[in-house]
Amino acid sequence: MIRYSIDLPDTDALFSLFETTGWNEKYRLASVQLHRAFRNSWYSMFAYADDRLVGSGRAICDGVVHALILDVIVHPDYQGLGIGKGIMDRIVEHCNKNDILDIQLFSARDKAGFYHKLGFRERPGNAPGMEWKPADA
């Protein structure tokens, strides 16, 4: 049975889950930095199998217009069980309950099919939006 919670897990459990993604090869976050990022988020959702943290997701938001969903992670041993959908459904529901006008998503490139099933679409090539990167990146 999967249990969902908005309560922030301990630093080590969250970092251990994050490490399963391989994303930290790029970000090189310390566990306390990751924990602070979740703590400072507008809304976070966590999934547990018994007492083990197996999923996470969070949204940063201005509380009115824009929300950006980030760090949707499901432990590889628990993928395909509907946990990611459960996390996403709860985050989107929270945005909708708060009348957020624009919900965007930052996702792993190979996960587009999953998000399409949830109603997300790629932004058109002519849509506004850019990303800053240092010159040596």
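Preceding this section is the structure that the text describes.
Within this structure, the stated rule accounts for 5 aromatic pairs. Relative to Phe 120, the ring of Tyr 115 lies with its centre 6.4 Å away and its plane at 85 degrees, an arrangement referred to as edge-to-face. Each member of the pair, Tyr 115 together with Phe 120, is buried. Among the aromatic side chains, those forming a connected cluster through ring pairs are Phe 114, Tyr 115 and Phe 120. Seen from the ring of Phe 38, Arg 58 lies directly overhead, with NZ or CZ sitting 5.2 Å from the centre.

Residue pairs three or four apart in sequence face the same way in an α-helix, which turns once every 3.6 residues. Turning to helix α1 (residues 11-19), its buried residues are Leu 14, Phe 15, Leu 17 and Phe 18. Within α1, the buried residues cover an arc of 160 degrees as seen down the axis, which keeps them to one side. One side-chain oxygen at the N-terminal end of α1 lies 3.0 Å from the backbone nitrogen of Asp 12; it belongs to Asp 10.

Basis of the calculations
- For every chain, the first residue of the written sequence is number 1, and numbering continues from 1 along that sequence.
- Confidence filtering applies because this is a predicted model: local features only for residues at pLDDT of at least 70, side-chain atom pairs given and counted only at 80 or more, and all residues used for totals across whole chains, interfaces and linings.
- Excluding hydrogens and water, the side-chain values take into account all heavy atoms of the structure.
- When the centres of two rings from Phe, Tyr and Trp lie within 6.5 Å, Trp using its six-membered ring, the rings pair. Their planes under 30 degrees apart give stacked, over 60 give edge-to-face, and anything left gives tilted.
- Throughout this description, buried means an accessible area under 20% of the type-specific maximum (1.4 Å probe, protein chains only), exposed means over 50%, and partly exposed covers the range between.
- Charge-over-ring contacts are defined here by two conditions on Lys NZ or Arg CZ: a distance within 6 Å of the ring centre and an angle within 35 degrees of the ring normal.
- Comment: elements are numbered from the N terminus, with helices defined as DSSP H or I runs of at least four residues and strands as E runs of at least two.
- In this description, one arc is meant: the one made by directions from the helix axis to the C-beta atoms.
- Nitrogen and oxygen atoms within 3.5 Å of one another constitute a polar contact, given that in protein one can donate a hydrogen and the other can accept it, and given that sequence-neighbouring residues count only through two side-chain atoms.

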